[in-house]
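Okay, here's what each chain looks like letter by letter:
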Amino acid sequence: MITEGTWHETDGELHPSWRKAFNEEPVGADLTSPCPSCGRQTLHRWFRLDFAKPKTILGVDYSGHGRAWEWCSHCRTFEHYMDGFVPVWWDEPYSVSSDALTYHPEAIEEARRKSLPPV
């Protein structure tokens, strides 16, 4: 059972549709695709560049080695990639302290919400 307010990783059944949503929109922090878990258009991604060392892999340019988080801000489903590459197009839309980063994207989501214009 999923408790409201807690983060939970994608499961095996959800993973293919999760990958499809993020792969179909390979650029940008905020996606327009609906979340495969809850159906809301509240999917986001965020990268942290740990080591700048530009490289090209299969025709895609990267700034260097880092980490990635993908999540839904509504249902709080997420995936975290602790070992990967940060694409050259990435430009942090909001800052998050390295000390605040954890496996789940709570600190990133908090920074994202604070960056939004007041309603």
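Each remark here, short or long, concerns the structure printed above.
Residues numbered from 1 in each chain as written. Predicted model: local features only at pLDDT ≥ 70, side-chain atom pairs only at ≥ 80, totals over all residues. Heavy atoms only, no water.

**Some words on the side chain of Thr77**
(1) Moving on: Mapped onto the secondary structure, Thr77 falls in strand E4 (residues 77–87).
(2) Moving on: Judged by relative accessible area, which is 1%, Thr77 ranks as buried.
(3) Moving on: Reaching out from Thr77, the side chain makes a polar contact with the side chain of His8 at a distance of 2.8 Å.
(4) Moving on: Sequence-distant contacts of Thr77, that is, excluding residues within four places in its chain, are made with Trp7, His8, Glu9, Thr10, Leu14, Trp18, Ser37, Glu70, Trp71 and Cys72. (Helix = DSSP H or I, 4+ residues; strand = E, 2+ residues; numbered from the N terminus. Buried < 20%, exposed > 50% of the residue type's maximum accessible area, 1.4 Å probe, protein only. Polar contact = N/O pair within 3.5 Å; in protein donor to acceptor, adjacent residues only side chain to side chain. Contact = heavy atoms within 4.5 Å.)

**Considerations on the pairing of strand E2 (residues 43–57)**
(1) Moving on: As paired strands, E2 and strand E3 (residues 60–72) are joined by 12 bridges and run antiparallel to one another. What sits directly across from Arg45, in E3, is Glu70.
(2) Moving on: Here E2 folds back onto E3, and the loop between the two strands holds two residues, one of which, Leu58, carries a positive phi near 50°. (Pairing = 2+ DSSP bridges.)

**Notes on the state of the cysteines**
(1) Moving on: With the rule as written, the count across this model stands at zero disulfides.
(2) Moving on: In this structure Cys38 is a free cysteine whose sulfur lies 3.7 Å from that of Cys72, the closest cysteine sulfur available.
(3) Moving on: In this structure Cys38 comes out as partly exposed when scored by relative accessible area, which is 30%. (Disulfide = S-S within 2.5 Å.)

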